[in-house]
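Each chain, letter by letter, is given below.
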Amino acid sequence: MKKNVEKTPAAPEEQAPAKKTASAKKAAPAEKSVPAKKAASAEKSAPAKKAPPAKKQAAAKKQAAAKKQAPLKRQAPAKKPAVVPAKAAAAVKGVAPAKTIAPHSPRDESRTALVRRARRIDRELAEVYPYAHPELDFENPFQLLVATVLSAQTTDLRVNQTTPALFARYPTPEDLAAANPEEVEEILRPTGFFRAKTKSVIGLSKALTEDFGGEVPGRLEDLVKLPGVGRKTAFVVLGNAFGRPGITVDTHFQRLVRRWQWTEETDPDKIEAAVGALFPRSDWTDLSHHVIWHGRRICHARKPACGACPIAPLCPAYGEGETDPEKAKKLLKYEKRGLPGQRLKPPQAYLDAGGTPAPPLGAG
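The present account deals with the structure reproduced in this document. On a predicted model such as this, the values are computed, not experimentally measured, just so you know. Numbers given to residues run from 1 along each chain, matching the order in which its sequence is written. Per-residue local features of the predicted model are confined to residues with pLDDT of at least 70, and side-chain atom pairs are confined, for both listing and counting, to 80 or more; whole-chain, interface and lining totals are unaffected and use all residues. To get the side-chain values, all heavy atoms of the structure are used, and hydrogens and water are removed first.

**Observations regarding helix α11 (residues 251-259)**
Phase 1 of the analysis: For every residue, the accessible area obtained with a 1.4 Å probe (protein chains only) is divided by the maximum for its type, and the residue is called buried under 20%, exposed over 50%, and partly exposed between those limits. For the purposes of this entry, the term helix denotes a DSSP run of H or I that reaches at least four residues, the term strand denotes a run of E that reaches at least two, and both are numbered from the N terminus. Counting buried positions over the 9 residues of α11 gives 7, a clear majority of the element.
Phase 2 of the analysis: If you check which residues of α11 are buried, you get His252, Phe253, Gln254, Arg255, Leu256, Val257 and Arg259.
Phase 3 of the analysis: Elements in contact with the buried residues of α11: α12 (268-276) and α13 (284-297).
Phase 4 of the analysis: For this analysis, a polar contact is any N or O atom pair within 3.5 Å, provided that within protein one partner can donate a hydrogen and the other can accept it, and provided that sequence-adjacent residues contribute only side-chain to side-chain pairs. Between a side-chain oxygen at the N-terminus of α11 and the backbone nitrogen of His252 the separation is 3.2 Å; the capping residue is Asp250.
Phase 5 of the analysis: Backbone geometry just downstream of α11 places Gln261 in the positive-phi region, at approximately 60 degrees. Any two residues whose heavy atoms approach within 4.5 Å at even a single point are treated as in contact.

In structure tokens form, the structure reads like this:
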């Protein structure tokens, strides 16, 4: 019995710790909250230490993907597949069509390579246009000088159709210097800007009469002093009327030499100097004819006939125009399509090669 009595009071004593443990459990979160946070932060900080490798892997993956995509961004989209003429296939195969002119020399060519390529282009054009000549009708230096001044902002054909009436009425500088401006304007009206041109041709005729005895001077420094005469006009006269070499930098010449990357200059005087340095002085006049003829007949400003171009292998701008040979043929102008040239009285060599004289003003 004593044992039972001793055991019965012992039960409450054994249950007391249980209550304390329950209260301790309630109190425990408050007491252990700081360590718990530390533990949680410790658990979070542990992966953070391992994060750099993961970030490096992600960055490496992004760099690898960027490297794969980078070439795609650099590739220039082509509007149409380039079909290179048979003669041009080998050299132009790797050249992508481009809308704009590349700012640097093709394939980073050296100065020597540029000179060789430029001179080869001229030789090729000389074979294509062996009869190239100035496309203004003239019989003497005075007529060529006046015709060249009138050719600004119009075609040589229109000038050739207009000058016969002008020279029939005013055959010499003295005659034109004393002319009635209104009568000259009426004759020159078809050429456009006829008032300004009338002022120029009468003014230069007076200067020739008063300062040069009615003769056209054969020196550049004298020609450029005449009203309406610049370096381009002066070189046309010097090269074709006096046989003195000169480069004629007209709009066709400027366009083509930049397409061929002979120079990046845009100022005519600088273009003249840059291109002149690539060729012997004796080649300058014929070079001008070759380039201008090619610009008028094949390498047009808006739609170059790339697929019918004889110098396609040498041209870094191949693909700017029509590359399909059949379509390109339809873009060819003048005698290449059986059409007449610009002169009413062309040289015999041109006629022998199958060229046709231009029609006079008002014909057909």
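**A word on unusual backbone geometry**
Phase 1 of the analysis: With a phi close to 60 degrees, Gln153 is a non-glycine residue in the positive phi region.
Phase 2 of the analysis: On the secondary structure map, Gln153 appears in the loop between α4 (141-150) and α5 (156-169).

**A word on the packing of α11 against α13**
Phase 1 of the analysis: To get an axis, fit a line to the C-alpha atoms, keeping to the stretch in contact for a helix; angles then go from 0 to 180 degrees between the N-to-C directions. One can describe the packing of α11 onto α13 by two numbers: an axis separation of 8 Å at closest approach and a directional angle of 90 degrees. Between α11 and α13, the angle is such that the two are roughly perpendicular. From α11, His252, Phe253, Arg255 and Leu256 reach across to α13, where they touch Ser288, Val291, Ile292, His294, Gly295 and Arg296.
Phase 2 of the analysis: When the residues that make up the contact of α11 with α13 are grouped by side-chain class, the tally is 4 nonpolar, 4 polar and 2 charged. In this scheme, roughly parallel covers angles under 35 degrees and roughly antiparallel covers those over 145, while 65 to 115 is roughly perpendicular and the rest are oblique. Polar here means any residue other than Ala, Val, Leu, Ile, Met, Phe, Trp, Tyr, Cys and Pro, which are nonpolar, and Asp, Glu, Lys and Arg, which are charged; Gly is therefore polar.

**Concerning the nonpolar core**
Phase 1 of the analysis: What makes a nonpolar core is a set of buried Ala, Val, Leu, Ile, Met, Phe, Trp, Tyr and Cys residues whose side-chain atoms join them at distances within 4.5 Å. Counting 38 residues, the largest nonpolar core has Tyr129, Phe253, Trp260, Trp262, Val275 and Phe279 as its most contacted members.
Phase 2 of the analysis: Listing elements by their share of this core, those giving two or more residues are α3 (111-128), α11, α12 and α13.
Phase 3 of the analysis: The biggest single contributor to this core is α3, with 6 residues.
Phase 4 of the analysis: Setting aside residues up to four positions removed in sequence, Val275 forms contacts with Ile247, Phe253, Val257, Trp262, Thr263 and Leu287.
Phase 5 of the analysis: If you look at the next biggest cluster of nonpolar residues, it comprises 32 residues, including Ala147, Leu188, Val201 and Val237.

**A closer look at the pattern of salt bridges**
Phase 1 of the analysis: Here, a salt bridge means any side-chain nitrogen of Lys or Arg that lies within 4 Å of a carboxyl oxygen of Asp or Glu. A full pass over the atoms with the stated rule returns 15 salt bridges.
Phase 2 of the analysis: With its nearest N and O atoms 2.9 Å apart, the salt bridge here joins Glu183 to Arg169. Here Glu183, found in helix α7 (residues 181-188), pairs with Arg169, found in helix α5; they are 14 residues apart in sequence, far enough to count as distant.
Phase 3 of the analysis: Look at Glu183 and you get partly exposed, because its relative accessible area is 33%.

**A short note on the environment of Pro173**
Phase 1 of the analysis: Mapped onto the elements, Pro173 comes out in helix α6 (residues 173-177).
Phase 2 of the analysis: Judged by relative accessible area, which is 6%, Pro173 ranks as buried.
Phase 3 of the analysis: The spacing of Pro173 and Gln143 is 30 residues in sequence and 9.4 Å in space, taken between C-alpha atoms.
Phase 4 of the analysis: With residues up to four places along the chain from it excluded, the contact list for Pro173 reads Phe142, Ser205, Leu208, Thr209 and Gly214.

**Notes on α7**
Phase 1 of the analysis: Within α7, the full set of buried residues consists of Val184, Glu185, Ile187 and Leu188. Burial along α7 is one-sided: seen end-on, the buried residues are contained in an arc of 160 degrees. Opposite its buried face, α7 presents the exposed residues Glu182 and Glu186, each directed more than 90 degrees away.
Phase 2 of the analysis: Structurally, α7 contributes buried residues whose contacts are with α4, α5, α6 and α8 (194-211).
Phase 3 of the analysis: One side-chain oxygen of the residue at the start of α7 lies 3.1 Å from the amide nitrogen of Glu182, identifying that residue as Asn180. It is the directions from the helix axis to the C-beta atoms that the arc portrays.

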